[in-house]
Amino acid sequence: MKDMLVLSIETSCDETSIAVVKNGRDILSNKILSQIDIHNEFGGVVPEIASRKHLEVINMVLDEALKEANIKLDDIDLIASTYGPGLVGALLVGLQYAKGLSYALNKDFIGVNHIEGHISSCYLEHKELEPPFMSLVVSGGHTMILNVKDYGVYEKIAETRDDAIGEVFDKVARKLGLSYPGGPNIERLAKLGDEDAIKFPQSRFEDDTLDFSYSGIKSSVLNYINQCNSKGIYINKEDVCASFQKTSIDMLIKNVEKAFDKYGGKKLCIVGGVSSNNYLRNKFLSYFKDIEIYYPSKELCTDNGAMIASAAYYSFLRNGRSEYTLNASSNLKF
Ligand code: KG4
Ligand code: ZN
């Protein structure tokens, strides 16, 4: 089969990223321009600022991605963009830009679900990885376990019923006065703390579901901090971070273990921003000795264009191109 070059655009949140990927696996370029510094002073992503910033930089990011891949626009075979879930104004920038390029260049266009992008991120560096495998998606917006039966064939086994794990890392960090995004700061402080210092409760459901709930642990950490503040008790931030991190990651391990017990399998891919956490990586590796565990490198854990290109390639092979009427969908389901 002829090689296929995919140009992919990811603007669902606060990263403007454009990549060029060959045959869904080989990254020729993956430019990521983060807006974190701009949003940091507000303590989180400001949607309108995110959209405006994407618009300002997208031409430049495209030029850099083409230059690094050492190709011209005309060499591209397929143009892809995330169309959801995410911030609608931010998504629209990348999506409409992709459609415009596709129309002007007379190349196929395809829209990609951001979560399918994260799941596909493991294909880029693990050339031997093929479905079936189990996928744990842990990001700022999602906490999910999926059975990946084949390229583009997914069975959702579990998801969070309320907050996503990354969102709770961000909220706890904010409460402790740590900067956005909170995950890496919690991980840094946790290294200096005692993970058994404070008992935060794990969530429990009455039924034997594999679903997650992170609102309980979020409330108990925030309540703990409020109570210490009101009673004038010193808060050992390192201990709070270590205890919170341990409990929230134990909750992932427990449900992933149940998923393997129920569905079987030998491979696990852990993807999404939270999967860049080293404590998480080490705990999974030491707990699941008989399972092969795959992670993307850190740059591919958080939002990036290359993962969108990989998902686009396999989706195009199965289902073909998308219509230009495809709209941005902020709470697109998976
Ligand atoms: O996948 P991602 O870039 O965006 C979404 O699709 O949501 O994930 C961002 C999330 C944020 O909540 C951030 O705090 C979290 O990933 N994160 C981490 C770490 N690095 C990023 N959480 C825990 N530990 C980390 N080292
Ligand atoms: Zn993401």
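The model shown is predicted, which means the values in this text are computed figures rather than measured ones.

S.K.: When you look at the environment of Ile225 in this model, what are you seeing that I'm missing?
M.R.: With respect to the helices and strands, Ile225 occurs in helix 7 (residues 215–231). Overall, Ile225 belongs to the buried group, its relative accessible area being 1%. In this structure, Ile225 is in contact with Lys175, Leu176 and Ile235, ignoring residues within four places of it in sequence.

S.K.: Help me out: how do you make sense of the coordination of the zinc ion (ligand 2) in this one?
M.R.: Each angle at a metal carrying four tetrahedral donors should ideally be 109.5 degrees, and each at a metal carrying six octahedral donors should ideally be 90 or 180 degrees. Around the zinc ion (ligand 2), the donor atoms from the protein are His114 (NE2), His118 (NE2) and Asp303 (OD), and they sit 2.0 to 2.1 Å away. In this structure, the zinc ion (ligand 2) is surrounded by four donor atoms whose angles at the metal cover 96 to 129°, and the resulting shape is tetrahedral. All donor residues of the zinc ion (ligand 2) come from one chain, and their arrangement in sequence is H-x3-H-x184-D. Of the two residues, His118 sits in helix 4 (residues 114–120) while Asp303 sits in the loop between helix 10 (298–301) and helix 11 (305–319), which places them 185 residues apart along the sequence. Asp303 sits in the buried class, given a relative accessible area of 14%.

S.K.: Please explain the site of ligand 1 as it appears in this structure.
M.R.: Not every one of the 21 residues close to ligand 1 is listed here, only the nearest: Gly140, Asp170, Glu187, Gly273 and Asn277. Note that an oxygen atom of ligand 1 is positioned 3.2 Å from one of the backbone N or O atoms of Gly141. A distance of 3.0 Å separates a nitrogen atom of ligand 1 from a polar atom in the side chain of Asn277. Contact with the protein chains removes 89% of the 550 Å² of surface that ligand 1 exposes when unbound. The set of elements that each furnish at least two residues to the shell around ligand 1 consists of helix 4, helix 5 (165–175) and helix 6 (182–190). Counting residues per element, the shell around ligand 1 draws most heavily on helix 6, which supplies four residues.

S.K.: Explain the packing of helix 5 against helix 6 here, please?
M.R.: Two numbers describe a pair of packed helices, the interaxial angle and the distance between the axes. For the pair helix 5 and helix 6, the least separation of the axes is 8 Å and the interaxial angle reads 65°. Comparing their axes, helix 6 and helix 5 come out roughly perpendicular. As helix 5 runs across helix 6, the sense of the crossing is left-handed. Counted together, Phe169, Asp170, Val172 and Ala173 of helix 5 and Gly182, Gly183 and Ile186 of helix 6 form the full contact between these two elements.

S.K.: Help me understand the sheet that holds strand 4 (residues 78–84) in this model?
M.R.: Across a sheet, paired strands are connected by hydrogen bonds in the backbone, their directions being either parallel or antiparallel. In spatial order, the strands read 3-2-1-4-5; together these five strands make up an open sheet with mixed pairing. Strands with a single pairing partner mark the edges of an open sheet, and in this sheet they are strand 3 (26–34) and strand 5 (108–113). Adjacent strand axes in the sheet meet at a mean angle of 20° when their direction is disregarded. Of the strand pairs in this sheet, strand 4 and strand 5 are connected by six bridges, and their pairing is parallel. By the bridge assignment for strand 5, Ala80 is matched with Ile110. The sheet strands contacting helix 2 (residues 47–69) are strand 1 (5–10), strand 2 (15–22) and strand 3, and the helix crosses strand 3 at an angle near 155°. Packed onto the sheet, helix 3 (residues 88–105) meets strand 1, strand 4 and strand 5 and runs at close to 155° relative to strand 4.

S.K.: What is the right way to read the domain arrangement of the protein from this model?
M.R.: One widely used convention gives an interface's size as the accessible area the parts lose upon coming together. For the protein, the assigned domains read domain 1 (5–122 + 301–319) and domain 2 (131–296). With 19 residues of domain 1 at the interface, the matching set in domain 2 holds 26 residues. Between domain 1 and domain 2 the total buried area reaches about 1800 Å² when both faces are included, carbon and sulfur atoms providing 69% of it. It is Ile119, Cys122 and Cys301 in domain 1 that bury the most area against domain 2; as a group they hold 34% of the surface buried on that side. For the pair domain 1 and domain 2, the interface holds six residue pairs in polar contact (both at pLDDT 80 or more). Put simply, the parts of the chain that give the side of domain 1 that touches domain 2 at least two residues each are helix 1 (36–40), helix 4 and helix 11. Counting residues per element, the side of domain 1 that touches domain 2 draws most heavily on helix 4, which supplies four residues. For the side of domain 1 that touches domain 2, the per-class residue count stands at nine nonpolar, six polar and four charged.

S.K.: Just to check I follow, could you spell out the sheet that holds strand 6 (residues 133–138) for this structure?
M.R.: Strand order across the open sheet formed by five strands is 8-7-6-9-10, with mixed pairing between neighbours. Lying at the two open borders of the sheet, with one neighbouring strand each, are strand 8 (153–159) and strand 10 (292–294). Taken pair by pair, the neighbouring strands of this sheet meet at an average axis angle of 25°, ignoring direction. Packed onto the sheet, helix 8 (residues 237–263) meets strand 6, strand 7 (143–150), strand 8 and strand 9 (267–271) and runs at close to 155° relative to strand 6. Set on the sheet, helix 9 (residues 278–287) makes contact with strand 6, strand 9 and strand 10; between it and strand 9 the angle comes to about 170°.

S.K.: What exactly am I supposed to notice about unusual backbone geometry here?
M.R.: With the exception of glycine, most residues fall at negative phi, and the peptide bonds are largely trans. Pro132 follows Pro131 through a cis peptide bond whose omega is 10°. Relative to the assigned elements, Pro132 resides in the loop between helix 4 and strand 6. Of note, the amide linkage connecting Tyr180 to Pro181 takes the cis form, showing an omega dihedral of -5°. Mapped onto the secondary structure, Pro181 falls in the loop between helix 5 and helix 6. The phi torsion at Asn23 lies on the positive side, around 50°, for a residue other than glycine. We note that Asn70 has phi near 60°; this positive angle belongs to a residue other than glycine. On the secondary structure map, Asn70 appears in the loop between helix 2 and strand 4.

Reading the values: rules and limits
Residues numbered from 1 in each chain as written. Chains lettered and ligands numbered in written order. Predicted model: local features only at pLDDT ≥ 70, side-chain atom pairs only at ≥ 80, totals over all residues. Heavy atoms only, no water. Helix = DSSP H or I, 4+ residues; strand = E, 2+ residues; numbered from the N terminus. Buried < 20%, exposed > 50% of the residue type's maximum accessible area, 1.4 Å probe, protein only. Contact = heavy atoms within 4.5 Å. Donors = N, O, S within 2.8 Å, 3.2 Å for Na, K, Ca; no water. Tetrahedral: all angles 85-135°; square planar, octahedral: opposite > 155°, others 65-115°. Near = heavy atom within 4 Å. Polar contact = N/O pair within 3.5 Å; in protein donor to acceptor, adjacent residues only side chain to side chain. Areas by Shrake-Rupley, 256 points an atom, 1.4 Å probe, with all protein chains shown as cover. Axes fitted to C-alpha atoms, helices over the stretch in contact; angles between N-to-C directions. Parallel < 35°, antiparallel > 145°, perpendicular 65-115°, else oblique. Left-handed = near helix turned anticlockwise from the far one by under 90°. Pairing = 2+ DSSP bridges. Domains from an automatic or database assignment. Buried area = accessible area lost by both parts, 1.4 Å probe. Nonpolar A, V, L, I, M, F, W, Y, C, P; charged D, E, K, R; others polar.

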